[in-house]
Structures are given as structure tokens and as C-alpha cells.
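The chain contents come next:
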Amino acid sequence: MIATDLNADGFIDMYVGNDFHENDYLYINIRDKTLNESIGSFKTQSSQYTMGVDVADLNGDGYKDIFSTDMMLPYDGQIKMCSGGNNTKQVADIKEHYGFLTQYARNHMQIYRPSMNSFIEEALISQVFVSDWSWLVLLQDFDNSGTTDI
């Protein structure tokens, strides 16, 4: 769980990562001392087995982005074939019927797009979708290069 202003409105929101069947949750502060669960309004997919989540400006545009680690996608192809992996089509259809987001067993790097007021998944294109048996993520400028590292 992380608490920060995710939609750049000046109010603290919360992102809660969930392992197994549940969606991750995005609670948007609606400024009257309440939070509104709004993940479906901001994202179209999430990690299936979210173990860790952190927030930072990953692309240098001044907005906070979300990175979640998923523990089920290993580097090694042989291990991958023995892992749980993604839901079957039948399970995915049932989850969709009940309003769950699409979930994938891999890391997600959600980049905030202010013009769309939503997050766009870019872990695959950025080649950060796999990290093996990951339990958490830390986003920070570890090498003092001026950019955020994962």
C-alpha cells in the first residue's frame, strides 16, 4: 500500500496491491474526507499477484507513476512452464463478468497520462515486466544520475 497524490489534484490518494484473485485498489481522495475506489477509471489492467508497489516519476514528466511487482513471472523458461501464470480463459471471463480488471502475472509499470487522467501500462515496451520472485519494488535515483531507477 502506498499513500500519495496519484492524480495530481493536491490530495492524498491510496494504491493497494493485492495478491491472487482481487484487483489492486486505487482509492481517490474526493476531498470530503472520503476515498472512492476508482481503479477501473484509471487503469485497464494490473498485476495478478501484486507483491510490492511504489510510486515515483519514472519518465520525468512531473507526474507520479505506479510500478507493481508480480512474483509469478521468472526469467528462466523452464521455471516459467511450471509456474502458476495467468488465469485460464474461463477464470478470466468470470472475473470480467464480475467487474475485475484484466490481470497479468507480470510486473506493471503504469505511466500517468494527465491528458487522459489515466495510467498506461508500459512495462513490456520498457523491458521491466519480469523480475522473477519479487516481493517489493523501490523507485529512487540510486546512482545519482538524475533519473529514477527501479
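Residues numbered from 1 in each chain as written. Predicted model: local features only at pLDDT ≥ 70, side-chain atom pairs only at ≥ 80, totals over all residues. Heavy atoms only, no water.

Enquirer: For the environment of Val128, give the residues involved together with the corresponding values.
Expert: For Val128, the position within the fold is in the segment after helix 4 (123-126). The spacing of Val128 and Met109 is 19 residues in sequence and 7.7 Å in space, taken between C-alpha atoms. Other than its neighbours up to four places away in sequence, Val128 contacts Phe67, Asn107, Met109, Ala123 and Ile150. (Helix = DSSP H or I, 4+ residues; strand = E, 2+ residues; numbered from the N terminus. Contact = heavy atoms within 4.5 Å.)

Enquirer: Before we move on, could you go through the sheet that holds strand 2 (residues 13-16) and cite the residues and values that matter?
Expert: Spatially, the four strands line up as an open sheet ordered 1-2-3-4, and their pairing is antiparallel. Both edges of this open sheet fall to strand 1 (2-4) and strand 4 (35-37), since each of them pairs with a single strand only. Sheet twist, expressed as the mean angle between neighbouring strand axes with direction ignored, is 20°. Relative to strand 4, strand 3 (residues 25-29) runs antiparallel, the two being bridged by three bridges. Paired with Ile28 across the strands is Asn36, a residue of strand 4. (Pairing = 2+ DSSP bridges. Axes fitted to C-alpha atoms, helices over the stretch in contact; angles between N-to-C directions.)

Enquirer: Can you tell me about the pairing of strand 9 (residues 108-113), naming the residues and giving the values?
Expert: Counting buried residues in strand 9 gives five out of six residues, a clear majority hidden from the surface. The pairing of strand 7 (residues 65-70) with strand 9 spans three bridges and is classified as antiparallel. Looking across to strand 9, one finds that Ile66 is bridged to Gln110. As paired elements, strand 9 and strand 10 (residues 118-121) share four bridges and run antiparallel to each other. For Gln110, the partnering residue across the bridge sits in strand 10 and is Glu121. Hairpin connection between strand 9 and strand 10: a loop of four residues separates the two successive antiparallel strands, and Asn117 in this loop has a positive phi of roughly 50°. (Buried < 20%, exposed > 50% of the residue type's maximum accessible area, 1.4 Å probe, protein only.)

Such coordinate-based values are descriptive only and should not be taken to indicate function.
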